[in-house]
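# Secondary and tertiary structure notes
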Amino acid sequence: ELEGDRLRLAEELRERQSRCSIERAAICCDQARVQIVEGDPDDELLSLNVGGQRFTARRSTLCSVEGSYLANVFSGRWESSIERDSEGRYFLDFDP
């Protein structure tokens with residue numbers, strides 16, 4: 001009798017684990033959809049003045065190449081030290 005109970009409970013546990021996995025996957029999909037609709041609050045649009053030419057770019061784009069100058073500057077660590085133009089755009093003295 002105990003062996004029968006153990007087998008029944010083990011099967012019930014497997015079924016519940018399977019349902020949980022399915023629900024977890026559905027939640028992940030829903031979260032991804034919400035992220036797409038709402039956008040990432042940390043992925044703001046930045047205004048740049050690069051050598052006198054104006055650009056707009058997402059923070060994630062500027063930080064996409066890990067270890068690059070732009071990623072280091074716009075990761076938030078050194079951002080406050082970047083010069084800004086008269087209209088508040090980040091000024092980078094480069095030839096675009």
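You'll find the structure just up there.
Rules used in this analysis
Residues numbered from 1 in each chain as written. Predicted model: local features only at pLDDT ≥ 70, side-chain atom pairs only at ≥ 80, totals over all residues. Heavy atoms only, no water. Phe/Tyr/Trp six-rings, centres within 6.5 Å; stacked < 30°, edge-to-face > 60°. Helix = DSSP H or I, 4+ residues; strand = E, 2+ residues; numbered from the N terminus. Buried < 20%, exposed > 50% of the residue type's maximum accessible area, 1.4 Å probe, protein only. Core = buried A, V, L, I, M, F, W, Y, C linked by side-chain atoms within 4.5 Å. Contact = heavy atoms within 4.5 Å.

## Digging into the packing of aromatic side chains
Using the criterion set out here, one finds two aromatic pairs in the structure. Each ring, one from Tyr69 and one from Phe94, has its centre 5.6 Å from the other, and the planes form 90°; the classification is edge-to-face. With Tyr69 in helix H3 (residues 69-74) and Phe94 in the segment after strand E3 (90-92), this residue pair connects regions lying 25 residues apart in the sequence. By relative accessible area, Tyr69 is classed as partly exposed at 47%. Judged by relative accessible area, which is 41%, Phe94 ranks as partly exposed. Taken together, a centroid distance of 5.2 Å and an interplanar angle of 85° make the contact between Phe74 and Tyr90 edge-to-face.

## Considerations on the nonpolar core
Core analysis: the biggest nonpolar cluster contains ten residues, these being Leu46, Leu48, Val50, Ala57, Leu62, Val73, Phe74, Ile82, Tyr90 and Leu92. For this core, the secondary-structure elements that each account for two or more residues are strand E1 (45-50), H3 and E3. With residues up to four places along the chain from it excluded, the contact list for Tyr90 reads Leu46, Ser47, Leu48, Asn49, Phe74, Glu79, Ile82, Glu83 and Arg84.

## Considerations on the environment of Gln53
Mapped onto the fold, Gln53 is located in strand E2 (residues 53-58). Accessibility expressed as a relative area gives 43% for Gln53, which makes it partly exposed. Once the C-alpha coordinates of Gln53 and Asp95 are considered, the two residues, 42 residues apart in sequence, prove to be 8.9 Å apart. Not counting the four nearest positions on each side in its chain, Gln53 is found in contact with Leu48 and Pro96.

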